Amino acid sequence: AEGVYCAALPEQGIGIALKADDGEVRAAQAILAGLIHRFLPMNVFLIAGEASGDIHAARLMRAMKELDPSVLFSGVGGPAMEAEGLHSLIPVSQLNVVGFAEIVRNYHRLRRLLTLTCNAVERIKPDVVVPVDFPGFNTRVSAFARSRNIPVMWYIAPQLWAWGKGRAASFS
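Fair warning: this is a prediction, and the values are worked out from it, not measured in the lab.

## Description of the overall build of the protein chain
Inference 1: Along its length, the protein chain carries 7 helices and 6 strands.
Inference 2: Sequence separation of at least 24 residues holds for 48% of the intrachain contacts in the protein chain that already meet a minimum separation of 6.
Inference 3: When the accessible surface of the protein chain is summed, it comes to about 10200 Å², and 60% of that surface belongs to carbon and sulfur atoms.

## Structural notes on the pattern of salt bridges
Inference 1: Summed over the entire model, instances satisfying the criterion amount to 3 salt bridges.
Inference 2: A salt bridge links Glu-84 to Arg-62; the shortest N-O distance between them is 3.0 Å. With Glu-84 in the loop between helix 3 (79-83) and strand 5 (87-91) and Arg-62 in helix 2 (residues 51-67), this residue pair connects regions lying 22 residues apart in the sequence.
Inference 3: By relative accessible area, which is 13% here, Glu-84 ends up buried.
Inference 4: Take Arg-62: its relative accessible area is 39%, and that puts it in the partly exposed class.
Inference 5: Residue Glu-122 pairs with Arg-148 through a salt bridge whose shortest N-O separation is 2.9 Å. Of the two residues, Glu-122 is situated in helix 5 (residues 107-124) and Arg-148 in the loop between helix 6 (135-147) and helix 7 (160-163); the sequence distance between them amounts to 26 residues.

## Details of helix 2
Inference 1: With 17 residues, helix 2 extends 25 Å from end C-alpha to end C-alpha; this agrees with the ideal 24 Å at 1.5 Å per step.
Inference 2: Restricting attention to buried positions, one finds in helix 2 the residues Gly-53, Asp-54, Ala-57, Ala-58, Leu-60, Met-61 and Met-64.
Inference 3: Buried residues along helix 2 sit against strand 3 (43-48), strand 4 (72-77), helix 3 and strand 6 (128-132).

## Description of the nonpolar core
Inference 1: Within the largest apolar cluster, 18 residues are counted, with the highest numbers of intra-cluster contacts made by Phe-45, Ile-47, Val-121, Val-129, Phe-137, Val-141 and Ala-145.
Inference 2: Listing elements by their share of this core, those giving two or more residues are strand 3, helix 5 and helix 6.
Inference 3: Of all the elements, helix 5 adds the most residues to this core, at 5 residues.
Inference 4: Other than its neighbours up to four places away in sequence, Val-141 contacts Ile-47, Leu-114, Thr-117, Cys-118 and Val-121.
Inference 5: Counting 15 residues, the second-largest nonpolar core is a separate cluster that includes Ala-57, Met-81, Val-130 and Val-132.

## Overview of the sheet that holds strand 4
Inference 1: Overall, parallel pairing links the 4 strands, which are arranged 5-4-3-6 in an open sheet. In this open sheet, the two edge strands, each paired with only one partner strand, are strand 5 and strand 6. Direction aside, the axes of adjacent strands within the sheet are offset by 15 degrees on average.
Inference 2: Both strand 3 and strand 6 contribute to a ladder of 5 bridges, which runs parallel. In the strand pairing of strand 6, Phe-45 is matched with Val-129.
Inference 3: Sitting on the sheet, helix 2 is in contact with strand 3, strand 4 and strand 6, with an inclination near 165 degrees to strand 3.

## Looking at the pairing of strand 6
The side chains of a regular strand alternate, first on one face of the sheet and then on the other.
Inference 1: Across the 5 residues of strand 6, 5 count as buried, placing the element largely inside the fold.
Inference 2: With burial as the criterion, each face of strand 6 is covered, one bearing Val-128, Val-130 and Val-132 and the other bearing Val-129 and Pro-131.

## Section: the confidence of the model for the protein chain
Inference 1: Mean pLDDT over the protein chain stands at 75; residues scoring 70 or higher make up 59%.
Inference 2: Confidence, expressed as mean pLDDT per element, reaches its minimum in the protein chain at helix 7 with 46 and its maximum at helix 3 with 95.
Inference 3: Per-residue pLDDT stays below 50 along residues 1-7; that stretch engages in 28 contacts with residues further than four places along the chain or on separate chains.

## As for the side chain of Asp-54
Inference 1: You can see Asp-54 is positioned in helix 2.
Inference 2: One buried charge, Asp-54, has no salt-bridge partner; the nearest side chain with opposite charge is Arg-62, at 9.7 Å.
Inference 3: A distance of 3.0 Å separates a polar atom in the side chain of Asp-54 from the backbone nitrogen of Met-81.
Inference 4: Not counting residues up to four positions away in its chain, the partners in contact with Asp-54 are Ala-48, Gly-77, Gly-78, Pro-79, Ala-80 and Met-81.

Conventions adopted
Here the residue numbers are simple positions, counted from 1 along each chain's written sequence. Reporting of local features is limited, given that this is a predicted model, to residues whose pLDDT is at least 70; pairs of side-chain atoms are given and counted only at 80 or more, and all residues count toward the totals for whole chains, interfaces and linings. Processing note: side-chain calculations cover all non-hydrogen atoms of the structure and skip hydrogens and water entirely. Each helix corresponds to a stretch of at least 4 residues labelled H or I by DSSP, and each strand to a stretch of at least 2 residues labelled E; elements are numbered beginning at the N terminus. Residue contacts are defined here by distance: any two heavy atoms, one from each residue, within 4.5 Å place the two residues in contact. The protein chains shown are the only cover counted for residues, whose accessible areas, like all others here, come from Shrake-Rupley with a 1.4 Å probe. By definition here, a salt bridge exists when the distance from a side-chain nitrogen of Lys or Arg to a carboxyl oxygen of Asp or Glu is within 4 Å. Under the scheme applied here, a residue whose accessible area is under 20% of the maximum for its type counts as buried, over 50% as exposed, and between as partly exposed, the area being computed with a 1.4 Å probe on protein chains only. The length a helix should cover is 1.5 Å for every residue beyond the first. Only buried Ala, Val, Leu, Ile, Met, Phe, Trp, Tyr and Cys residues count toward a nonpolar core, and they belong to the same one when joined by side-chain atoms within 4.5 Å. When DSSP finds two or more bridges between two strands, those strands count as paired. Interaxial angle, 0 to 180 degrees, is taken between N-to-C directions of lines fitted to C-alpha atoms, where a helix line uses only the stretch in contact. Every residue gets a pLDDT, meaning the predictor's confidence in that residue, from 0 to 100. When charges are counted, Lys and Arg contribute as positive and Asp and Glu as negative, whereas His and the chain ends are disregarded. Two N or O atoms count as a polar contact when they lie within 3.5 Å, although within protein this holds only if one can serve as hydrogen donor and the other as acceptor, and sequence-adjacent residues are included solely when both atoms are side-chain atoms.

Written out as structure tokens, the structure is:
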């Protein structure tokens with residue numbers, strides 16, 4: 001049935017009115033989505049939970065900015081990542097715990113920070129989540145991102161030999 005239909009992507013505040021059938025409206029929405037991603041900067045959500053990950057992720061950010069100066073960074077990181085343009089939700093020092101006893105002692109705080117990070121992923125809707133090592137925290141954020149159909153690309157995946165062969169599938 002012909003008529004005036006609206007093809008819209010309300011999250012981006014874009015819409016068009018056209019005379020078309022439903023199939024053409026769906027095609028117009030797909031085209032709009034493609035155009036938006038072509039003209040909006042890529043949004044990358046990085047998570048580094050310790051100092052060495054902060055340094056490696058900062059190098060990755062620098063390389064990404066050389067390829068696309070408009071790329072936006074958000075997530076969790078330290079001073080090196082912030083110097084490259086990261087808007088960090090949590091200072092890396094708040095995540096840095098070593099040993100089982102310290103993890104148990106800080107469980108509620110770490111759980112709160114995990115929830116805060118997952119909520120930010122949902123709110124920001126990044127183009128990709130890039131976890132940097134730090135498996136105890138990052139595997140949970142990665143699973144959350146995947147459940148929201150957000151791609152996850154590990155940069156410096158956790159040492160699988162230390163975690164066991166069965167864990168390899170969760171990082172692919």
